[in-house]
Structures are given as C-alpha cells and as structure tokens.
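Take a look at the letters that make up each chain.
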Amino acid sequence: MLKEFDPIKKKLFRILDDEGRILNPGYMTEISDDQLVAAYRGMLFARTADLMTVSYQRQGRIFTYPPNYGQEAIHAAAAQVMRPDDWLVPAFREMGAWLAKGATLKDIFLYFMGNEVGSKWSGATHFLPMSVPIASQLLHAAGIGYAIQYDKKDETVFAFVGDGGTSEGDFHEALNFASVWKAPVVFIVQNNQFAISMPFRMQTASDGIAVKSVAYGMPGIRVDGNDFPAMLKVIREAADHCRKGNGPVLIEAVTYRKGAHTTSDDPTKYRTKEEEELWDQKDPLKRLKNLLISKNLWTEEEETVLTRQYSEEVDRQFVEAENYPPYPLDDVFSYLYADMPQDLRKQKVEHEKFLQWKESDVQKQEVKK
Amino acid sequence: MVNAINDALDIKLKEDPSMVVYGEDVGVEGGVFRVTEGLQAKYGARRVFDSPLAESAIVGTAVGMAAAGLRPVVEMQFCGFVYPAFNQLISHLARMRNRSRGRFAMPVVVRIPYGGGINALEHHSESMEALYAHIPGLKVVIPSTPGDAKGLLIAAIESDDPVLFMEPKRIYRAIKQEVSEEKYSIPIGKAKVLTTGTDVTVVAYGAMIREVQRTLPRLKEAGISAEIIDLRSIYPLDKETLAESVRKTGRMVFVAEEPTSFGVGSEIISTVTEEAFLYLQAPPKRVTAFDTIVPLPKGEHHYLITADKIFYEILKTVKF
C-alpha cells in the first residue's frame, strides 16, 4: 500500500467515507471486529477525558491544556500497533497514544496542573516526556532508532509532530538522519490544518507533507487521519516496514483540530464556523461508530452507559491528581543532576534559612498588629 | 505594557516604510499575547505577517532583509523557543556588521517575551538574558514599565544595531500607567535611578522592579534608605550610574529572575568591585533564582523571587 499510494500521485488513503461506509472492503480484511470495538472504546474514553479536561481548565482547576478533540483516530491506531517495547516519542497532542503506552490520566493531569512528576510516566517504558519545543523531539526519535539498530532489536519508534512542526529545521534533519541510517522510525505528522492561527496553506507551499518523504528517500503516505481503519492499516504497514530493517516511513495523517491550540487560544480569531462544521462531518468517532452500528457491534445505549462510566473514571483520576501532595522544595533540585554540585546544595540550604526567617518574621509582624 | 509596545510598533510602522513585523501568529491573530493586534489590518500582510513555524528562519531572514535595506522587528513567541535561532543570532545577526567591515548594518529588533510567574507550560518561563548579553554584537534591552517599553522599543527600532528586546510578560498587563501618545525614545545603555537613597543600591530590571518597590515600605520602617536602579539595558551596561551609586551607598544588592551563576548579576558585581572597591562596606549580593530549571507552576513559588526574599537579603547586607 505504501507503494500504491505514492504521495507524488497526490492520493489520499481512505477506507471509510464520511459516513463510515466502507469504500474498499479489500483493505478491511486484516482488521477484526474486536479491534474496531476496542479502538472505539479508546477513542470515546480519550474524547470524554479531553472534553472534561477543557472544562476543568475553564473552572480554574488546571492550567493551560492542548485539546486532542478530533484527532483521536490517529492515536487509537498507533495504540493498537505499538508493542510494549516500542518507543513513543510524543509532541503534546496524542492523548490516546499515551494512554495506550501506559500513561494514566492522573499523570497527564498532574503534568498540566504544573507538576513534572506527571511526565515521568511511571507505569510505562520506552516513552519520552512530552516535548513542547516544536519538532525537536523528532531528532530524539531518530537517535532512538539508531540505538535500536545498534542493539540489533526489532523495536520501532513512533514519533509525533504537527503540521507546523514540519517547517522547523529539526523535522528535516530528523528525517534525513533516520533515512540515511535506515532507523526504524514511523514519523506521524498530524496535519490538523493549523499551527495555532497559521493555516496549513501558509505553512508550506508543497502539496501536502507526505510528498516531502520522496526527497529523503523514504516511503510516505497521505492518509485520512479521521478514518480509523485507514490509520490502523497504514501505521501497521509502516511498523512492519521498520521492523524488517527497511528504514523510516513518513505518515501524513490529515485531520482537523476541532478544539483550540491550547486553552489559551481563541480559534474564532482565525477560522470560520462554516469550516468547523465541514470538518464535523468527517468526525472520527462519528464515522467509526456508524461502521460499528452497521455491523451490529454497537448501540447508542451502550455508548450512554459507557460514557457515564468513563466520566466517573476521568473525574476520579482528576480528583486524585488534585489531591496530590504539595510540591516540595527538594523536587526543584533533586532531579537536575545525577551528581548534584556542592554549590547547588548550598543554594537550597540558604533558601531554607530564608524560609525559617520568613516564618519568624511573619510571627513578629502578627505580634506587632 | 502590551498596548505601549503595540503603540511603539504602530508609530514606527507608520513613519518608516522599510519596517516589517513578523513572527509566529503575529499577523492574523495579533500575537499570542496580542502585542501586534490590529497591525496587520492597518499595514497589510506584506508588512505585518505570519511566518512559517521556524525560529531560525525568522531570525535568519531578518538578517537577509536587513542586509537588503529593510528594518525587521521580529517576534520569538516565547523565551524558551528562541534556541533554534541561536545559530542565526550568534553567527550572523551579531557579526554581519563586523564581518562586512561595516557594510551591512543589522537594524533588527528581536522581541522576546520572557520570565516566570504566569503559570505557564514548560519552556515558557525562562530568564536567559545573560546568554544574549554574552554574545558580542548584540544589545539587550528590558523595560520595566509601559512608558519605558514604548520609548525603549522606539529607540531599539531606530538603532542600526541588532537589539534583543526582552519583554517581562508577567507585567504585560499587570502595570497600568498613562503613556504619552506622542513619539518619544529612551536612550539604550542608560540606567534610571528610580529612588535615591544612602544605605544600599538595589539594582534590578524588568518584572523585578515591581518586587523591589514592594519592599520600600518595610525598608522605610526598618530605617533603611535604598537607592533603586532600573538597568533598562543589560548590554550596553551603564557602569557609570552603578558605580556612582555604590560609591555613595557602599552596598549593592542585585535582584533578577535569572539563574544565579554566570549571569547578569556576576557582571554587575564585577563592575561594582572594579569601580567602587574601596567604598564597599558589605559583599555585593545577588538575589537571583536557583541554578535549576524553572519548575512547572506547582513548584514555581519555590523559585520565584519575592519581595520578602529581597527584603531579607537587603537587611542582611545592610547589617553585615
């Protein structure tokens, strides 16, 4: 399929139409009903969590948060292909993939509440923290790919970036490095049409992103990112390609960021309601649900019950994160060096002396009053 | 301060047809902090525009535009996103004039919202002014009030040298001040004595000026007369004003958000010891951040410099 959908021919790989009807049954043969249902559950959970997180933010219970709304199918597909020993190199908008890799919502909440302990991913292996400096993480993915090969393992790296990130030098450097060394990296570009306010047509003059793979000498494919079966098929084939030692693959997942860039952003400044409604018709959950219903694998009743269960679970983990113990002074210092310099130790001691003074000073001030 | 900066850009765009403003999201959206709001509508998308997402490209193209006679004012979206542009900043923007023996001036302003205290995500809260001040060929300016921001930015835009204009985003909207609608400029390289005093010189800039001023009632109560100096410009550094003040007070406390070691404070202390050694009655003191990464919001209170800490250190210095 990577050959069949040559990005130079400007093809977009899809299996489902906008209503969730199967356009090409030939591609569905290796996707089981169980996989479809599992994916939908995962997507529903992620969406429930995502929408609730935005409302927590509006209530002032969490700081800035980048919504995943509308991009769930991409993450669900990666979730099904990633093995526990594969590597996940995230940007910051791949919640479903993080959860599959072993992150908990509590971790995610802790991070966006402003505690680094949330990016430790305690329950996961082979999973880097989120990377806020755009596209910088892709070079780490290439390096991990190099190390995998060096150790003669058959692991694969799943690296994420957005459409804006493809303008950064690091994107090009990472693709080039990975391709020269045939490093096993699946580069997944979530082309969600916007980099904050910048529409995709202003980001690059090239016809999509997948076509950029050609110049780096690796396969690339443009796929409907809101079409779960198509995403699954493509990511699976890309991972096989990597595991066989054939080098990296570039996947352009065409999707739409239905939410804001982050909760600090106001999309009404740069896009129209009409455009948003157009993309609503291609919603990934709607399409997969229609498919499941047509196969008698899903009912609205089930969805109602499940959504309620999921909401309770999200809230339970959120409250757990909210009740996390206060951030100790030690945590500012403890993790910076394996071998903490003496001077840094002294800075902490001096600060503790100040805190003691402050405590007695506060008491003195109160007495005066 | 946001409005004052916008006003400075507006005045200069109107006056100077060679000026262009660009960066990530500065056009249609008017910047993530709304500093460039309305400018694209007023001056068109050729003069105020959104660049593709690439900081190195933003600074590198500014070098080219400046060489060809334009006057670019570019924005780095957040302090933590400047680093991809370091090659262009250090290898070209700072050196082009020297390399071309004065043929290609670099009248470029790089605006950088910086500093902590806004409950931001990782890489959004740093105070790395010392890195920039250390690069020969660049000037580094940091305003502490809306009025200063306007005058200093106009001077920066009119300067034929590259200026890194660092904006303390914590006080972007926190300080209200009447700012003249007229065009005026404040010279780069001159510090401002905010209050005169006799016991201790307190040197600061940016958002820390407000914190220092908060200590004034308590200092007065403790019978301490402090002279506050707002550096305004990190490089060039106004050594004369500093030295003169310390010769009078005999004591110096430096306050900044930057990590302590190898920072602006180190340079200030060198200046004070070189220029006023025999006048010193106490070791010069830095009240600066730990040499650690800025913690995420839940831990940031440990890290931020507070008025209490400034008062405590001034007290210790005066009682030394």
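What counts, and at which threshold
Counting restarts for each chain: residues are numbered from 1 in the order of the written sequence. Following the order in which they are written, the chains are lettered starting with A and the ligands numbered starting with 1. In keeping with the model being predicted, local features are shown solely for residues with a pLDDT of at least 70 and side-chain atom pairs are shown and tallied solely at 80 or more, while totals for entire chains, interfaces and linings include all residues. Secondary structure follows DSSP: runs of H or I at least 4 residues long count as helices, runs of E at least 2 residues long count as strands, and numbering of each begins at the N terminus. Radius of gyration here uses only the C-alpha atoms, and the compact-globule reference equals 2.2 Å multiplied by the residue count raised to the power 0.38. Once C-beta atoms are placed from the backbone, each residue is buried if 20 or more other C-beta atoms lie within 10 Å of its own, exposed if 12 or fewer, and partly exposed for counts between those two. Distance between backbone-placed C-beta atoms decides contact: two residues are in contact if it is within 7 Å. Two strands are said to pair when DSSP picks up at least two bridges between them. Helix axes are fitted to C-alpha atoms over the stretch in contact, other axes to C-alpha atoms as well, and angles between N-to-C directions run from 0 to 180 degrees. Domain start and stop points were drawn from an automatic or database domain assignment. For this classification, Asp, Glu, Lys and Arg are treated as charged, while Ala, Val, Leu, Ile, Met, Phe, Trp, Tyr, Cys and Pro are nonpolar and the rest, including Gly, are polar. As used here, a nonpolar core is made of buried Ala, Val, Leu, Ile, Met, Phe, Trp, Tyr and Cys residues. They are joined through C-beta atoms within 7 Å. Roughly parallel means an angle under 35 degrees; roughly antiparallel means over 145; roughly perpendicular covers 65 to 115; every other angle is labelled oblique. In this scheme, a crossing is called left-handed if the near helix is turned counterclockwise away from the far one by less than a right angle; it is called right-handed if the turn is clockwise. Here the term right-handed applies to a crossover when the path leading from its first strand over the helix to its second strand runs clockwise, the strands being oriented away from the viewer. Helix span, as expected, comes to 1.5 Å for every residue beyond the first. When we speak of the arc, we mean the arc of directions from the helix axis to the C-beta atoms.

Visitor: Could you clarify how one ought to interpret the overall build of chain B in this entry?
Guide: Summing up its helical and strand segments, chain B has 13 helices and twelve strands in all. Computed over its C-alpha atoms, the radius of gyration of chain B comes to 19 Å, within 12% of the 20 Å expected for a compact globule of 320 residues. Along the first, second and third principal axes, the C-alpha atoms of chain B reach 60 × 45 × 40 Å. Put simply, chain B has 320 residues, and 57% of those count as buried. By sequence separation, contacts in chain B at least 24 residues apart represent 81% of the contacts at least 6 residues apart.

Visitor: So what exactly am I meant to see when it comes to the overall build of chain A here?
Guide: Secondary structure assignment for chain A yields 14 helices and seven strands. Relative to the 2.2 N^0.38 estimate, which gives 21 Å for 369 residues, the radius of gyration of chain A is 23 Å and therefore close to what a compact globule would have. Overall, chain A is about 80 × 50 × 40 Å in size when its C-alpha atoms are taken along their principal axes. Looking at chain A as a whole, 47% of its 369 residues qualify as buried. Pairs at least 24 apart in sequence give 76% of the contacts found in chain A among residues at least 6 apart.

Visitor: Can you walk me through the sheet that holds strand β6 (residues 220-224) of chain A in this structure?
Guide: As a general point, the strands of a sheet are linked pairwise by backbone hydrogen bonds and lie either parallel or antiparallel. All names here are of chain A. With respect to topology, five strands assemble into an open sheet ordered β1-β2-β3-β7-β6, the strand pairing being parallel. Of all the strands in the sheet, the pair left with one neighbour each is β1 (87-89) and β6. Each neighbouring strand pair of the sheet contributes to a mean axis angle of 20 degrees, computed without reference to strand direction. Judged from the five bridges that link them, β6 and strand β7 (residues 249-254) form a sheet pairing that is parallel. Its bridge partner being in β7, V223 is matched across the sheet by A253. Contacts from helix α9 (residues 228-243) reach β3 (185-191), β6 and β7 within the one sheet, and its direction differs from that of β7 by about 170 degrees.

Visitor: What am I meant to see in the domain arrangement of chain B here?
Guide: You'll often see interface size given as the accessible area lost when the parts meet. Residue and element names in this part refer to chain B. Along its sequence, chain B is carved into domain 1 (2-171) and domain 2 (192-318). Taking only C-alpha atoms into account, the centre of domain 1 sits 27 Å from that of domain 2. Residue assignment for the side of domain 1 that touches domain 2 shows that the elements contributing at least two residues are α6 (129-133), β5 (139-141) and α7 (146-158). Split into classes, the residues belonging to the side of domain 1 that touches domain 2 amount to nine nonpolar, seven polar and six charged.

Visitor: Help me out: how do you make sense of helix α4 (residues 105-112) of chain A in this one?
Guide: Turn by turn, an α-helix covers 3.6 residues, leaving residues three or four places apart pointing in a common direction. Residue and element names in this part refer to chain A. Most of α4 is tucked away, with seven of its eight residues classed as buried. Along α4, the positions that sit buried rather than exposed are L105, D107, I108, F109, L110, Y111 and F112. Tucked into the core, α4 has its buried residues touching α1 (33-58), α3 (95-101) and α12 (300-322). Immediately beyond the C-terminal end of α4, within one or two residues, lies G114, with a positive phi of roughly 100 degrees.

Visitor: What am I meant to see in the interface of chain B and chain A here?
Guide: Residue-level contacts link 33 residues of chain B with 34 residues of chain A. Elements with a contribution of two residues or more to the side of chain B that touches chain A: α12 (297-303) and α13 (307-318) of chain B. For the side of chain B that touches chain A, the element with the highest residue contribution is α12(B), accounting for five residues. Looking at the side of chain B that touches chain A residue by residue, the classes come out as 16 nonpolar, eight polar and nine charged.

Visitor: Help me understand the domain arrangement of chain A, please; the structure alone is not making it clear to me.
Guide: Splitting chain A by domain gives domain 1 (7-322) and domain 2 (330-368). Once you take the C-alpha centre of each, domain 1 of chain A and domain 2 of chain A turn out to be 42 Å apart.

Visitor: Would you explain the nonpolar core in this entry?
Guide: Ranked by internal contacts, the top residues of the largest apolar core, which has 204 residues, are A:A159, A:V186 and A:I251. For A:I251, the contacting residues outside a window of four places in its chain are A:V186, A:F187, A:I188, A:V189, A:I221, A:V223, A:V234, A:I235 and A:A238.

Visitor: In this structure, what is going on with the packing of α4(A) against α12(A)? I would like to understand it.
Guide: Each pair of packed helices can be described by the angle between their axes along with the distance between the axes. All names here are of chain A. Between α4 and α12, the shortest axis-to-axis distance is 8 Å and the interhelical angle comes to 45 degrees. Classified by the angle their axes make, α4 and α12 are oblique. In terms of crossing hand, the pair formed by α4 and α12 is right-handed. Residues L105, K106, F109 and L110 of α4 lie in contact with α12, whose contacting residues are V314, Q317, F318, E320 and A321.

Visitor: Honestly, the sheet that holds strand β9 (residues 226-230) of chain B in this entry has me stumped. Any pointers?
Guide: All names here are of chain B. A sheet is described by the order of its strands in space; here five strands give the open sequence β7-β9-β8-β11-β12, paired in mixed fashion. The outermost strands of the open sheet, each flanked by one partner alone, are β7 (192-195) and β12 (285-289). Recorded for the sheet is a direction-independent mean angle of 25 degrees between the axes of neighbouring strands. Of the strands in this sheet, β8 (200-204), β11 (252-259) and β12 are in contact with helix α11 (residues 264-276), which crosses β11 at around 160 degrees.

Visitor: What is the right way to read the pairing of strand β6 (residues 163-168) of chain B from this model?
Guide: In summary, the side chains of a regular strand alternate between the two faces of the sheet. Residue and element names in this part refer to chain B. Within β6, six of the six residues are buried, which leaves the element mostly enclosed by the surrounding structure. Here β6 shows no split at all, with V163, F165 and E167 on one side and L164, M166 and P168 on the other all buried. Bridging between strand β4 (residues 109-114) and β6 involves six bridges; their strand directions are parallel. Each residue of the ladder has a partner; that of Y114, found in β6, is P168. Of the pairings in the sheet, the one linking β5 to β6 comprises three bridges and is parallel in character. Along β6, the bridge assignment pairs V141 with F165.

Visitor: Which parts of the structure should I look at to understand the pairing of β12(B)?
Guide: All names here are of chain B. The buried count for β12 comes to five of five residues, which makes it a mostly enclosed element. Two strands pair when backbone bridges link them, and β11 and β12 are joined in this way by four bridges, in the parallel orientation. Considered in β12, the bridge of F254 is made with R286. As a crossover connection, the stretch from β11 through α11 into β12 is right-handed.

Visitor: I tried to follow unusual backbone geometry on my own but got confused; where do I start?
Guide: Among all residues save glycine, negative phi is the norm, and among peptide bonds the norm is trans. Cis geometry marks the peptide bond from B:Y235 to B:P236; its omega dihedral reads 0 degrees. By secondary structure assignment, the location of B:P236 is in the loop between β10 (233-235) and α10 (239-249). With phi around 55 degrees, A:N296 is a residue other than glycine that occupies positive phi space. Secondary-structure assignment places A:N296 in the loop between α11 (284-294) and α12. Note on A:N296: 8 C-beta atoms within 10 Å, which makes it exposed. Its identity is not glycine, yet B:R101 carries a phi of approximately 50 degrees, on the positive side. Relative to the elements of secondary structure, B:R101 occurs in the loop between α5 (96-99) and β4.

Visitor: Got a minute to help me understand α11(B) in this structure?
Guide: Residue and element names in this part refer to chain B. The end-to-end C-alpha distance of α11, which contains 13 residues, comes to 18 Å, matching closely the 18 Å that a straight helix rising 1.5 Å per residue would cover. Along α11, the residues classified as buried are V264, G265, I268, T271, V272 and A276. Looking down the long axis of α11, one finds its buried residues gathered within 120 degrees of arc, a one-sided arrangement. Counted as exposed and oriented over 90 degrees from the buried face of α11: S270 and E274.

Visitor: Looking at this structure, I do not really get the packing of α1(A) against α12(A). What am I missing?
Guide: Residue and element names in this part refer to chain A. Running from N to C, α1 and α12 point in directions that differ by 50 degrees, and their axes come no closer than 9 Å. Between α1 and α12, the interaxial angle falls into the category oblique. Both α1 and α12 take part in a crossing whose hand is right-handed. Contact with α1, carried on its side by L44, F45, T48, A49, M52 and Y56, involves L306, T307, Y310, S311, V314 and F318 of α12 and no other residues of that element. Counted by class, the contact of α1 with α12 contains nine nonpolar, three polar and no charged residues.

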